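# Observations on chain architecture
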There are 2 protein chains.
Amino acid sequence: MQRLAKKWRRAGEDIGLVPTMGYLHEGHLSLARAARKRVGKRGRVVVSIYVNPTQFAPTEDFSKYPRDLKRDLKLLRECGVDVVFTPKDAEMYPDRSAVPTGFSTYVIEENLSQRMEGASRPAHFRGVTTVVAKLFNIVRPDVAVFGQKDFQQAAIIQRMVRDLDFPVRIIVAPTVREADGLAMSSRNKYLEDDLRRQATVLRRAIDMARAAVKKSRKISAAELKANVEKIIESVPDARLDYVEFFDPETLVPVTEVSGGVQMALAVFVGKTRLIDNERL
Amino acid sequence: MQRLAKKWRRAGEDIGLVPTMGYLHEGHLSLARAARKRVGKRGRVVVSIYVNPTQFAPTEDFSKYPRDLKRDLKLLRECGVDVVFTPKDAEMYPDRSAVPTGFSTYVIEENLSQRMEGASRPAHFRGVTTVVAKLFNIVRPDVAVFGQKDFQQAAIIQRMVRDLDFPVRIIVAPTVREADGLAMSSRNKYLEDDLRRQATVLRRAIDMARAAVKKSRKISAAELKANVEKIIESVPDARLDYVEFFDPETLVPVTEVSGGVQMALAVFVGKTRLIDNERL
């Protein structure tokens, strides 16, 4: 991959990267199309498929995370992607557990990663920034595309790019949703029929907040949070992990919610943890 | 600098980087020559001069670290360097103290950086890996040259390059010494006449260890350390910070010292902290 990227760069071809964990859905494909649009017909689009172990806690779903490489490759071929990069754990993290010879270098972000996903999933973002830095060094993209569905992740990667001077332009592409409003996610596969229906509660909570802000222009975050909690609690198998209202640039929580404020929430539906977010 | 590097890469020119903190001496110039040798006459050599604040503790000598850009530029011009890169703090660490908008991303190495310089200077290596990652992303070198005088630093940077997949070849160039054996260092400037004479004690300690290993083939690290301490203590203004005997690849301390073992020590001479190391 590094040799190929070097060859492309020498030929003056722009490179677009879409990092994924595979088990692709329409959301991923929209990122690949956004990358193609950016680099043009003569540019190169690389999609990486790698279920990155360092961003999962030992208690999380790393081993059962859905995988279907054959189907993924077919979808990406149809999508006109040039290269699908599928590294192995042993290549990405040589001897990770061996001290002192094994993998021991991490990229960490210390401000934006503290709350929300960072609070619920300690070490998650350190895994994300580390693997994305690695992918940037391997693929050397001019442009990399991330989904707005992982809003905090996109903000942290933009911060990393600014702070560490990666010469990469970050594009954040809109969340793609199912017909009933559920944000597309590979983890939706975990939801059987009844839970799948219950999962629309994230979207309903966002719609409620949006309507409330539209109606009263300004409304206290505490009141909105209580209302979100009520909606989530009304669904039998749903449990609120967090809901936050915050400045979309700094991720600092606001006490008064008005138009332009970002809302994000994480909800367990059965055992499956789902996230969603939107600008109000 | 990034625009220039991109132009060079498209033209197929190899880039060599020598990161320095300026106040250059023959040691630095030997690194620049090693870079030139690697990239060839048609390649490009960049020397960065930047006294990196994040690798100094608040109690250390950041503000009084010697600086003489005019003289440095003259030396580098004579040396045939293509570009001297001299960024400002405000460019390298935008709003470093501002939370949450300021600089907040660091590169950390967690194994090799724990002992010796890492133990004596907490956060030092996190500053080093962070600024070197930044310089790599700004200059995009094919080759970067570091001095063996900072042995642990070179090992950590090699680890970072391996772990984060930087497409950069690291060259470690031999320590350059004054006629009396003192390793060249910008901090030698701090030493007035009498202290400058006392500073040769680091070299004498190394010579003693080397002779002892040559004589007995195998000798206990504890015994050697005690002998080093005696030598240092015999000098009125010298105080031993640490001396270690270790595997040069893993930096793991050995209990029995034989040929091929690396020795490193740090000594305060007056208020000036000096380091040196050598393969025995």
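Residues numbered from 1 in each chain as written. Chains lettered and ligands numbered in written order. Predicted model: local features only at pLDDT ≥ 70, side-chain atom pairs only at ≥ 80, totals over all residues.

## Observations regarding the overall build of chain A
- Counting its regular elements, chain A contains 10 helices and 11 strands.
- Overall size of chain A, expressed as C-alpha extent along the three principal axes, is 55 × 40 × 35 Å.
- Looking at chain A as a whole, 44% of its 280 residues qualify as buried.
- Expressed as a percentage of contacts within chain A between residues at least 6 apart in sequence, the contacts between residues at least 24 apart total 69%. (Helix = DSSP H or I, 4+ residues; strand = E, 2+ residues; numbered from the N terminus. Buried ≥ 20, exposed ≤ 12 C-beta atoms within 10 Å, placed from the backbone. Contact = placed C-beta atoms within 7 Å.)

## Some points on the nonpolar core
- Judged by nonpolar contacts, the single largest core of 154 residues is most densely connected at L265(A) and L265(B).
- The residues touching L265(A), leaving out its near neighbours within four places in the chain, are L202(A), A205(A), V228(A), Y242(A), V243(A), I275(A) and D276(A). (Core = buried A, V, L, I, M, F, W, Y, C linked by C-beta atoms within 7 Å.)

## Some remarks on the environment of Y242(A)
Residue and element names in this part refer to chain A.
- Counting through the fold element by element, Y242 comes out in strand β8 (residues 238-246).
- Overall, the presence of 16 C-beta atoms within 10 Å leaves Y242 in the partly exposed class.
- The spacing of Y242 and F268 is 26 residues in sequence and 9.9 Å in space, taken between C-alpha atoms.

## Quick look at the domain arrangement of chain A
Residue and element names in this part refer to chain A.
- Parsing chain A into structural domains produces domain 1 (2-173) and domain 2 (186-279).
- Here the C-alpha centroids of domain 1 and domain 2 sit 26 Å apart.
- The interface of domain 1 with domain 2 comprises 11 residues on the first partner and 10 residues on the second.
- Taken together, the residues that form the side of domain 1 that touches domain 2 break down as 7 nonpolar, 3 polar and 1 charged. (Domains from an automatic or database assignment. Nonpolar A, V, L, I, M, F, W, Y, C, P; charged D, E, K, R; others polar.)

## A word on the relation of the copies chain A and chain B
- With an axial shift of 0.0 Å and an RMSD of 0.0 Å, the rotation relating chain A to chain B amounts to 180 degrees. Such a combination of turn and shift is consistent with a two-fold rotation axis.
- A shared binding surface is used by both copies, with 100% of the interface residues of chain A retained as interface residues in chain B. (Least-squares fit on C-alpha atoms with pLDDT ≥ 70 in both.)

## Points about the sheet that holds β8(A)
All names here are of chain A.
- The sheet built from 3 strands is open, its strands ordered β8-β10-β11 with antiparallel pairing. The open sheet has two edge strands with one neighbour each: β8 and β11 (272-279). Geometrically, the sheet is characterised by an average inter-axis angle of 15 degrees between neighbouring strands, direction not taken into account.
- In this sheet, strand β10 (residues 262-269) lies alongside β8 in antiparallel orientation, the contact comprising 8 bridges. Counted as the bridge partner of Y242 is A266 from β10.
- Where helix α9 (residues 201-216) meets the sheet, its contacts fall on β8, β10 and β11, and the angle it forms with β10 comes to roughly 150 degrees.
- Running over the sheet, helix α10 (residues 221-233) touches β8 and β10 and is turned about 155 degrees from β8. (Pairing = 2+ DSSP bridges. Axes fitted to C-alpha atoms, helices over the stretch in contact; angles between N-to-C directions.)

## Points about α9(A)
All names here are of chain A.
- With 16 residues, α9 should reach 22 Å at 1.5 Å per residue; the first-to-last C-alpha distance of 22 Å fits that figure.
- All buried positions along α9 are accounted for by V201, L202, A205, I206, A209 and V213. Seen from one end, α9 has its buried residues packed into an arc of 145 degrees, which puts them on one side. Away from the buried face of α9 by more than 90 degrees, exposed residues A211, K214 and K215 are located.
- Directly after α9, the chain includes R217, whose backbone phi takes a positive value near 60 degrees. (Expected span 1.5 Å × (residues − 1). Arc of directions from axis to C-beta.)

## Some remarks on the packing of helix α9 (residues 201-216) of chain B against helix α10 (residues 221-233) of chain B
Residues and elements named next belong to chain B.
- With their axes 10 Å apart at the nearest point, α9 and α10 run at an angle of 150 degrees to one another. One finds that α9 runs roughly antiparallel with respect to α10. Between α9 and α10 lies a crossing of right-handed hand. Residue-level inspection shows V201, R204, A205, M208, A209 and A212 of α9 in contact with α10, the latter providing L224, N227, V228, I231 and I232.
- Taken together, the residues that form the contact of α9 with α10 break down as 9 nonpolar, 1 polar and 1 charged. (Parallel < 35°, antiparallel > 145°, perpendicular 65-115°, else oblique. Left-handed = near helix turned anticlockwise from the far one by under 90°.)

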